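Examination of the molecular architecture
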Amino acid sequence: MRVYITATATAGADDATKPKTAQPQPQTQQAARRGCRSASVTGLLAGLLLFRAALLAIEAGASLCPSTTGCLDWRAGLGRWLYGDGGDATEEFMKEWRRHRDEATLLDPVVVEAAPDSLDALMAEMATMLASYDRRIDMEAVAIKMMAMLLKMDRRVKSSRIRAVFNRHLASLGIPKSVHCLTLRLAEEFAANSAARSPVPPPEHAPRLTDASCLHVALVTDNVLAAAVAVASAARSTADPARLVFHVVTDKKSYVPMHSWFALHPVSPAVVEVRGLHQFDWRDAVVVASVMRTVEEVQRSSLEYHQRDGSVEMEHRRLEASKPSTFSLLNYLKIHLPEFFPELGRVMLLDDDVVVRKDLAGLWEQDLDGNIIGAVGAHEGSGVCVDKTFGDHLNFSDPGVSGLHSSQCAWSWGVNIVDLDAWRRTNVTETYQFWLQKAIARSNQFVADGLAAGGSDTSLRHVQNRESGFRLWQMASLPPALIAFDGRVQAIEPLWNLPCLGWRVPHPDLVRFSAVLHFSGPRKPWLEVAFPELRQLWLAHLNASDSFLQGCGVVEWQ
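Here is what the cut-offs are and how they apply
- Residues numbered from 1 in each chain as written.
- Predicted model: local features only at pLDDT ≥ 70, side-chain atom pairs only at ≥ 80, totals over all residues.
- Heavy atoms only, no water.
- Helix = DSSP H or I, 4+ residues; strand = E, 2+ residues; numbered from the N terminus.
- Contact = heavy atoms within 4.5 Å.
- Axes fitted to C-alpha atoms, helices over the stretch in contact; angles between N-to-C directions.
- Parallel < 35°, antiparallel > 145°, perpendicular 65-115°, else oblique.
- Nonpolar A, V, L, I, M, F, W, Y, C, P; charged D, E, K, R; others polar.
- Pairing = 2+ DSSP bridges.
- pLDDT = per-residue confidence, 0-100.
- Phe/Tyr/Trp six-rings, centres within 6.5 Å; stacked < 30°, edge-to-face > 60°.
- Buried < 20%, exposed > 50% of the residue type's maximum accessible area, 1.4 Å probe, protein only.
- Salt bridge = Lys/Arg side-chain N within 4 Å of Asp/Glu carboxyl O.
- Core = buried A, V, L, I, M, F, W, Y, C linked by side-chain atoms within 4.5 Å.
- Left-handed = near helix turned anticlockwise from the far one by under 90°.
- 1 Å grid on protein atoms, 1.4 Å probe; cavity = no way out; pocket = protein on both sides within 12 Å on 5 of 7 lines; lining within 4 Å.
- Points joined across faces, edges and corners; volume = space filled by probe spheres on them.

Remarks on the environment of Leu209
In this structure, Leu209 sits in the loop between α7 (177-192) and β3 (215-220). Linking Leu209 and Val272, residues 63 residues apart in sequence, is a C-alpha distance of 8.8 Å. In this structure Leu209 touches Pro201, His216, Val245, His247, Val271, Glu273 and Leu344, once residues within four positions along its chain are discounted.

If you want it as structure tokens, here you go:
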């Protein structure tokens, strides 16, 4: 039904019997017509003002209403309360609005795209309609036009938010020009300066690399600047830095700049060892085969992950996979810590995106109660998870995940104390590799082969993650570790790992009392998208007068 408002009124039947009065003067008629027109225009403009409020709410990203049309309906109700329930243009408009509101999402895309782009454009169109008031105003057309404009504005806001998230994601992926410059400068210095090629550590400190009385800290990273801050902050925060021994494991590409940095920037009396993957001389064929198996699985998964179909879901997964950590080989090789350090019985494992603020001796002395790894998580009986749960990492709607609980608290890499001797007595590494390829056979022969290789029966009852379309989890190094280490993780005090500083800014008290700040998340402290107040905590461990940092603009942020 179309509702029209006209400027003329039909004479009633009784008018013929009434005494005729003198005809009003032309000025009186014009005044009456202007008064009637003003009343109608005022009522219609009241609705437009409420419509403007709805647009402003959309533009401001308001989330108090379930939908934009719902907000407009609420505001129109307020308008009726203010202006009364007269049968004016506003009331007629709201009848049409309520009648078509549920059909708003079914509007022709062409109609939505043709809607006015701004409030000024809408007002101009309304002015044109009002100028022809003596003809008729189609209230249904007005309502549809406003709905189309609301939908158009809403889609633009959503699109803008998606672009903002996408741009922030891209900013978190790139290597800043300053960091790239630093890497090249250090590589050049390695070739030109013999001091940059000096042994790390010096030969006189080599015996401390296997000294059980020292506190051994492992970092597996290819980020020179991040490793420099993690090492410097740990050395500065300890009461006895002479006991600290840092073992930095990197890839062949990053070995030269990493070696050059720590050769030119020693943290004496602490000791730093830098080793590339190409420098490990594993003489045991079993160890070599195990490491190569992990390397091949990561490379195969990366290839298949990027060659999936072009659906929207897979495009989202490809975007997630573009994060450097998703298929970083070094992240997955953490599972070979016992092979990296065969002469050590215990080691503290740090991610490169941490800042140490308290003595790591307290972490080293943690009692693991026979478990392999100590990590921040829920304490027994607390019922509260410090960070995420298994359900946040694993897809429990898939039958491939069984024998676990989605509400179980998940630990994370970042700050861990590891008992390497206890690790060597288990089949955790083999179980991790089976879950990495997500091997759960449907054939008895595959199960038998897996058990013979050391995999547990639980880990062999599912399909391959690749064959399942990567539905069991988003590709990362942590999910298979959660399963492989299940039942072998000791919860430690939460103060040893304050995570997610790349996602949010925590309460100042948490920062003040935490022993280690973990910048997990996209806003890494070496990126321009980092939170400024948290970035300063990280930059404080860099020497602003260092020629390498100044020459590459690393310290310009301060």
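Brief notes about the packing of α7 against helix α9 (residues 252-264)
At a minimum axis distance of 8 Å, the contact between α7 and α9 shows a crossing angle of 75°. Between α7 and α9, the angle is such that the two are roughly perpendicular. Listed contacts from α9 to Leu182, Thr183, Leu186, Ala187, Glu189 and Phe190 of α7 are Val256, Pro257, His259, Ser260, Trp261 and Leu264. For the contact of α7 with α9, the class distribution of residues is 8 nonpolar, 3 polar and 1 charged.

Thoughts on the sheet that holds strand β6 (residues 346-350)
Taken in spatial order, the 7 strands make up an open sheet running β5-β4-β3-β6-β9-β8-β10, and their pairing is mixed. Bordering the open sheet on either side are β5 (271-276) and β10 (489-492), each of which pairs with just one other strand. Each neighbouring strand pair of the sheet contributes to a mean axis angle of 25°, computed without reference to strand direction. As judged from the 3 bridges shared by β3 and β6, these two strands associate in the parallel manner. Across the sheet, Val217 pairs through a bridge with Met348, a residue of β6. Its contacts with the sheet put α9 on β4 (244-250) and β5, and the angle it makes with β5 is roughly 160°.

Focus on the confidence of the model for the protein
A residue-level look at the protein finds 65% of positions with pLDDT of 70 or above and a mean pLDDT of 77. Low pLDDT, under 50, characterises residues 1-22; the predicted model gives this stretch 24 contacts beyond four residues in sequence or across chains. Note on residues 456-464: pLDDT is under 50 here. Beyond four places in sequence and across chains, it has 39 contacts.

Observations regarding the packing of aromatic side chains
Across all of its chains, the model carries 9 aromatic pairs by this definition. Both rings, one in Trp411 and one in Phe485, keep their centres 5.8 Å apart while their planes meet at 90°; by these two values the pair is edge-to-face. Here the residue Trp411 occupies a position in the loop between α15 (390-393) and β9 (415-419), and Phe485 occupies one in the loop between α19 (478-484) and β10, the gap between them amounting to 74 residues. Overall, Trp411 belongs to the buried group, its relative accessible area being 6%. Classification of Phe485 as buried rests on a relative accessible area of 0%.

A few points about unusual backbone geometry
Omega for the bond connecting Val200 with Pro201 falls within 30 degrees of zero, at 5°, which places this linkage in the cis form. Tracing the backbone through its elements, the reader meets Pro201 in the loop between α7 and β3. Here the phi dihedral of Asp369 falls at roughly 55°; this positive angle occurs in a residue that is not glycine. Within the secondary structure layout, Asp369 lies in the loop between α14 (361-364) and β8 (373-376). Relative accessible area serves as the criterion here: at 60%, Asp369 is assigned to the exposed category. Phi angles above zero are rare outside glycine, and Cys500 is one such case at about 65°.

A short note on the environment of Ala540
The residue Ala540 is located in the loop between α21 (532-539) and α22 (547-551) in this model. The exposure class assigned to Ala540 is partly exposed, which follows from its relative accessible area of 45%. Ala540 sits 307 residues away from Ser233 along the chain, and the two C-alpha atoms are 9.0 Å apart.

Comments concerning the pattern of salt bridges
Note on pairing: side chains with opposite charge can pair once their charged atoms come close. According to the stated counting rule, one finds 7 salt bridges in the structure shown. Here Asp281 makes a salt bridge to Arg283, at a shortest N to O gap of 3.0 Å. The same class applies to Asp281 as to Arg283, namely exposed.

Structural notes on the nonpolar core
What tends to happen in soluble globular proteins is that the nonpolar side chains get buried as a cluster. Among the nonpolar cores identified, the biggest contains 63 residues, and Leu225, Phe246, Phe262, Val272, Leu360 and Trp538 are the most heavily contacted of them. Looking at which element gives the most residues to this core, the answer is helix α8 (residues 224-237), with 10 residues. If sequence neighbours within four positions are ignored, Leu225 has contacts with Val179, Leu182, Trp526, Trp538, Leu542, Leu549 and Val554. Counting residues in each nonpolar core, the second largest holds 45 residues, with Ala218, Val249, Val418 and Leu420 among its members.

Observations regarding the packing of α8 against α9
Remark: α8 packs on α9, axes separated minimally by 10 Å, with the N-to-C direction vectors making an angle of 35°. The two elements α8 and α9 cross, and the hand of that crossing is right-handed. Along the contact surface, α8 presents Val224, Ala227, Ala228 and Val231, while α9 presents Pro257, Met258, Trp261 and Phe262. The residue inventory of the contact of α8 with α9, partitioned by class, reads 8 nonpolar, no polar and no charged.

Points about the pairing of β3
Counting buried positions along β3 yields 6 of 6 residues, so the element is predominantly enclosed. By the alternation rule, side chains of β3 split into Leu215, Val217 and Leu219 and His216, Ala218 and Val220, which are all buried. Note: β3 against β4, 6 bridges, orientation parallel. Looking at β4, one finds that His216 is bridged to Val245.

Details of empty space enclosed by the protein
Tallied over the full model, the rule gives 3 cavities of 30 Å³ or more. In this model, the largest cavity occupies a volume close to 70 Å³. As for the largest cavity, its lining consists of Ala375, Val376, Val386, Asp387, Ala410, Trp411, Ser412, Asn497 and Pro499. Broken down by class, the residue content of the lining of the largest cavity amounts to 6 nonpolar, 2 polar and 1 charged.

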